[in-house]
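Residue-level structure breakdown
Letter by letter, the chains look like this.
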Amino acid sequence: TPLLNGKVLLTGGRDSESILATAEAYDPASGSFTATAGPMTVERFRHTATLLPDGKVLIAGGQNSTSVNSTAETYDPATGTFAATAGLMTSPRDSHTATLLANGKVLIAGGTDGSQVVNTAELYDPTTGSFALTGVMTAARAFHTATRLRNGKVLIAGGTDGSSSVS
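Going along each chain's sequence as written, the residues are numbered from 1 onward. Two thresholds apply to this predicted model, a pLDDT of at least 70 for residue-level local features and 80 or more for giving and counting side-chain atom pairs, whereas whole-chain, interface and lining totals are computed over all residues. Derived side-chain values reflect all non-hydrogen atoms in the structure, with water molecules and hydrogen atoms excluded from consideration.

**Overview of the pairing of strand β5 (residues 57–60)**
For the exposure calls, accessible area comes from a 1.4 Å probe over protein chains only, and a residue counts as buried if that area is under 20% of its type's maximum, exposed if over 50%, partly exposed in between. A run of DSSP states H or I qualifies as a helix once it reaches four residues; a run of E qualifies as a strand once it reaches two. Both are numbered from the N-terminal end. Burial of the side chains of β5 extends over both faces: V57 and I59 are buried on one face and L58 and A60 on the other. DSSP-based pairing: two strands are paired if at least 2 bridges between them are found. In the sheet, strand β4 (residues 48–51) pairs with β5 via 4 bridges, with the strands oriented antiparallel. By the bridge assignment, T50 is partnered in β5 with L58. Joining the antiparallel neighbours β4 and β5 is a turn of 5 residues, in which G55 adopts a positive phi near 95°. Where β5 meets strand β6 (residues 72–76), 4 bridges bridge the pair, whose relative direction is antiparallel. Across the sheet, residue L58 finds its bridge partner in β6, namely T74.

**Considerations on the nonpolar core**
Grouped together as the largest cluster of nonpolar side chains are 9 residues: L52, L58, A60, A72, M89, V106, I108, Y124 and F131. Elements with a minimum of two residues in this core: β5 and β9 (106–109). Judged by nonpolar contacts, the second largest core, of 8 residues, contains L3, A23, I59 and Y75. By convention a nonpolar core is built from buried Ala, Val, Leu, Ile, Met, Phe, Trp, Tyr and Cys residues, the set being connected through side-chain atoms within 4.5 Å.

**Concerning the environment of E17**
Among the secondary structure elements, E17 is positioned in the loop between β1 (8–11) and β2 (23–27). The exposure class assigned to E17 is exposed, which follows from its relative accessible area of 76%. Separated by 116 residues in sequence, E17 and L133 have C-alpha atoms that sit 35 Å apart.

**Overview of the sheet that holds strand β10 (residues 120–125)**
Here we have 4 strands laid out as an open sheet, ordered β8-β9-β10-β11, and antiparallel in their pairing. Of all the strands in the sheet, just β8 (97–100) and β11 (130–136) have a single pairing partner and so form its edges. Across the sheet, the mean angle separating the axes of adjacent strands is 25° when strand polarity is ignored. Direction of pairing for β10 relative to β11: antiparallel, over a ladder of 6 bridges. What sits directly across from L123, in β11, is A132. Note on definitions: angles span 0 to 180 degrees between N-to-C directions of axes, and those axes are lines fitted to C-alpha atoms, for helices only across the stretch in contact.

**Things to note about the environment of A140**
Relative to the assigned elements, A140 resides in the loop between β11 and β12 (145–148). In sequence terms A140 and L9 are 131 residues apart; their C-alpha atoms lie 30 Å from each other. Residues in contact with A140, not counting those within four places in the same chain, are V117, V118, N119, T160, D161 and V166. Residue contacts are counted whenever heavy atoms from the two residues lie within 4.5 Å of one another.

**Things to note about the packing of aromatic side chains**
Planes of paired rings set the category: under 30 degrees apart is stacked, over 60 is edge-to-face and the rest tilted, where pairs are Phe, Tyr or Trp rings (Trp by its six-membered ring) whose centres lie within 6.5 Å. Applying the stated criterion across every chain yields a total of 3 aromatic pairs. Taken together, a centroid distance of 4.7 Å and an interplanar angle of 40° make the contact between Y26 and F33 tilted. Relative to F82, the ring of Y75 has its centre 4.9 Å away and its plane inclined at 45°; by these criteria the two rings are tilted. F82 shares its class with Y75; the two are buried. Ring-over charges, as used throughout, are those where CZ of Arg or NZ of Lys falls within 6 Å of the ring centre and within 35 degrees of the ring normal. Positioned over the ring face of F45 is R14, at 4.7 Å from the centre of the ring.

**Concerning the pattern of salt bridges**
What makes a salt bridge here is a side-chain nitrogen of Lys or Arg within 4 Å of a carboxyl oxygen of Asp or Glu, nothing more. Under the counting rule described, the total for this entry stands at 2 salt bridges. Across the pair E73 and R44 runs a salt bridge whose closest N-O atoms are separated by 2.8 Å. One end of the pair, E73, is in strand β6; the other, R44, is in the loop between β3 (32–35) and β4, with 29 residues separating them in the sequence. E73 gets classed as buried once you look at its relative accessible area, which sits at 0%. You can call R44 buried: its relative accessible area is 0%. In this structure, the salt-bridge partner of R93 is E122, at a minimum N-O distance of 2.7 Å. You can see R93 sitting in the loop between β7 (81–84) and β8 and its partner E122 sitting in strand β10, a full 29 residues away along the chain. Residue R93 is classed as buried on the basis of its relative accessible area of 0%. A residue is classified by how much of its surface remains accessible, and E122, at 0% relative accessible area, is buried.

Next up, the structure:
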């Protein structure tokens, strides 16, 4: 995730042995990587990381070592630390999208809940740290794209419904 200070935040993932809670910042000016002051609150991969207007990063969902989770946290580049959001997502999700809207909220759409691909969407409000359902997509999707258009709408395209590709 590109940060306002020009660095790039890398979070979580998995290696050959485990799912990671580590994070680091890449500085393109020096070509160096530096560990953040602390790890994420939980290990996760297949999560999203979205730069918020205040410079913090929302990290949402993903899989941990036992399940798909509904947790979210924010990264503060000023302190290099992570903090859990005030609330949980309305549904566990991985392989979803997270799109910053013009009003500063984040649209989180689709993904899998651990047993099936979902068509639900929710909004994260950074002023309250909470999540709220906002409707359903016309098709269940995971591994799709979401692009905010100039008119403020979000185009969601492609992906899979769990059995085939979705147009």
